[in-house]
Amino acid sequence: MATIIDGKKTSQDIKNEIATRVAEIKTEGGKIPHLAAILVGNDGASQTYVGAKVKACHEIGFESTLVRLDETISEEELLAKVEEINANPDIDGLIVQLPLPKHISVEKVTDKIKPEKDVDGFTPSNVGRMALNWPAYVAATPYGIVELLKRYNIETSGKHCVVIGRSHIVGSPMSILMARNGYPGNATVTLTHSRTQNLKEIAQTADILIVALGKPEFVTADMVKPGAVVIDVGIHRVEDASKKSGFRLIGDVKFDEVAEKASAITPVPGGVGPMTIASLLYNTLLAAEKKVYG
Ligand code: NAD
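Cut-offs and rules
Residues numbered from 1 in each chain as written. Predicted model: local features only at pLDDT ≥ 70, side-chain atom pairs only at ≥ 80, totals over all residues. Heavy atoms only, no water. Buried < 20%, exposed > 50% of the residue type's maximum accessible area, 1.4 Å probe, protein only. Helix = DSSP H or I, 4+ residues; strand = E, 2+ residues; numbered from the N terminus. Near = heavy atom within 4 Å. Polar contact = N/O pair within 3.5 Å; in protein donor to acceptor, adjacent residues only side chain to side chain. Areas by Shrake-Rupley, 256 points an atom, 1.4 Å probe, with all protein chains shown as cover. Nonpolar A, V, L, I, M, F, W, Y, C, P; charged D, E, K, R; others polar. Domains from an automatic or database assignment. Pairing = 2+ DSSP bridges. Contact = heavy atoms within 4.5 Å. Axes fitted to C-alpha atoms, helices over the stretch in contact; angles between N-to-C directions. Core = buried A, V, L, I, M, F, W, Y, C linked by side-chain atoms within 4.5 Å. Arc of directions from axis to C-beta. Phe/Tyr/Trp six-rings, centres within 6.5 Å; stacked < 30°, edge-to-face > 60°.

### Concerning helix H7 (residues 171-179)
Within H7, 7 of the 9 residues are buried, which leaves it mostly tucked inside the rest of the structure. When H7 is considered as a whole, its buried residues turn out to be Gly171, Ser172, Pro173, Met174, Ser175, Leu177 and Met178.

### Observations concerning the site of the ligand
In the region of the ligand, 22 residues are neighbours, and Arg166, Ser167, Lys215, Val233 and Thr276 sit closest. Here Ser194 contributes a backbone N or O atom positioned 3.2 Å from an oxygen atom of the ligand. Lys215 has a polar side-chain atom sitting 2.9 Å from a nitrogen atom of the ligand. Relative to its unbound accessible surface of 860 Å², the ligand loses 72% to contact with the protein. Tallied by class, the residues present in the shell around the ligand amount to 10 nonpolar, 10 polar and 2 charged.

### Considering the environment of Lys9
When you line up the elements, Lys9 lands in helix H1 (residues 7-28). Separated by 103 residues in the primary sequence, Lys9 and Lys112 have C-alpha atoms spaced 35 Å apart.

### What about the domain arrangement of the protein?
Taken domain by domain, the protein consists of domain 1 (28-114) and domain 2 (140-275). Between the C-alpha centres of domain 1 and domain 2 the distance comes to 29 Å.

### A look at the sheet that holds strand S11 (residues 264-265)
Across the sheet, 6 strands lie side by side as S1-S11-S8-S7-S5-S6; this open sheet has parallel pairing. Each of the sheet's edge strands pairs with one partner strand only, and the pair in question is strand S1 (3-4) and strand S6 (188-192). Alignment of strand S8 (residues 229-232) against S11, held across 2 bridges, turns out to be parallel. Residue pairing in the sheet places Val230 in a bridge with Ile265 of S11. Against the sheet, H7 touches strand S5 (160-164), S6 and strand S7 (208-211), its axis set at about 170 degrees to S6.

### Details of the nonpolar core
Grouped together as the largest cluster of nonpolar side chains are 51 residues, with contacts concentrated most on Ile210 and Ile231. Ranked by the residues each element gives to this core, the list is headed by helix H10 (residues 275-288), at 8 residues. Contact partners of Ile210, with chain neighbours within four places excluded, come to Ile145, Cys161, Val162, Val163, Ile164, Met174, Met178, Ile231 and Val233. Counting residues in each nonpolar core, the second largest holds 18 residues, with Ala2, Ala228, Val253 and Ala262 among its members.

### A word on helix H5 (residues 124-131)
Within H5, burial applies to Asn126, Arg129 and Met130. An end-on view of H5 places all buried positions within 100 degrees of arc, on one side of the element. Looking at the buried positions of H5, the neighbouring elements they touch are H7. Note on H5: the residue one or two positions beyond its end, Asn133, has a positive phi of about 65 degrees.

### Here's the deal with the packing of aromatic side chains
All chains considered together, the criterion is met by 2 aromatic pairs. Centroid distance Tyr137 to Tyr293: 6.2 Å. Interplanar angle 35 degrees. Geometry classified as tilted. Placement of the pair is Tyr137 in the loop between H5 and helix H6 (140-151) and Tyr293 in the segment after H10, with a sequence separation of 156 residues. Taking relative accessible area as the criterion, Tyr137 reaches 2% and is therefore assigned buried. Taking the centre distance of 5.4 Å and the plane angle of 10 degrees together, the rings of Tyr143 and Tyr282 count as stacked. A residue pair is termed long-range when its members are at least 10 positions apart, and Tyr143 in helix H6 and Tyr282 in helix H10 qualify at 139 residues.

Right, here's the structure in full:
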């Protein structure tokens, strides 16, 4: 049976470390990290995500500002709001919760965020800095995976890492991070996607398999090399009458059978998911301490 890579515990460890640093900053009379979040409209899932981020800020002693805007807001008005927060010296980090209403360009809004405050790591400046192996705000999910690999001492140098999925927020940055000269990194990386042929054969050669394609239980035991490390990014709700909520969460990996074959695996829930907020908080601390752009 594989080692279970516990994202819930690791994310709590990171939050405790950040809270300790915030307490020190307070004692030193320094600047308390301040995260601002813009939420447009009333999407239920987005409200839950933003609510969790704001709550986490309070738990560890950060300041936070939630800016709620009506879904009818114009693109110009939203861009002006971003500019206003960019110019506010009290705010260290800014996130704009996605998705945005259809009449607003995500690219324009992302590009308007000052890179120094882009704690989601979505601006071209931060993606470029990450690719160059410069100090950067790395997007929360890839950063969370890197941190799990590090804290579980998983060897990556010279290993074959197969990434399934090439989205801008998970698969593509993950492939860049695993190929970087450093730790975690120095892996030989294969980035696969919906047009990849012989995916099963490629996956079978992976020492580290990172799965982010958004298809429930897509990766089965016959696709996994014995002893591989498997990172499951997928999250899906499936009906389950035995649960009080009426549903349970599963990943992109068929956990029970793959766990029999892998050397280490992230569960769903409790693996990659909980790491994302911890990563955002860490980036906000970096922003407040001016550790990325100086
Ligand atoms: P996406 O839909 O943006 O991208 C999916 C990628 O998978 C695409 O690049 C596509 O080419 C590839 N793909 C689709 N079908 C494929 C196939 N049959 N074979 C190989 N590649 C295929 O997805 P995303 O935003 O990267 O999210 C992926 C999953 O991770 C989703 O389940 C999402 O909910 C989850 N997710 C979880 C977290 C977290 O915090 N745990 C964060 C982001 C996303």
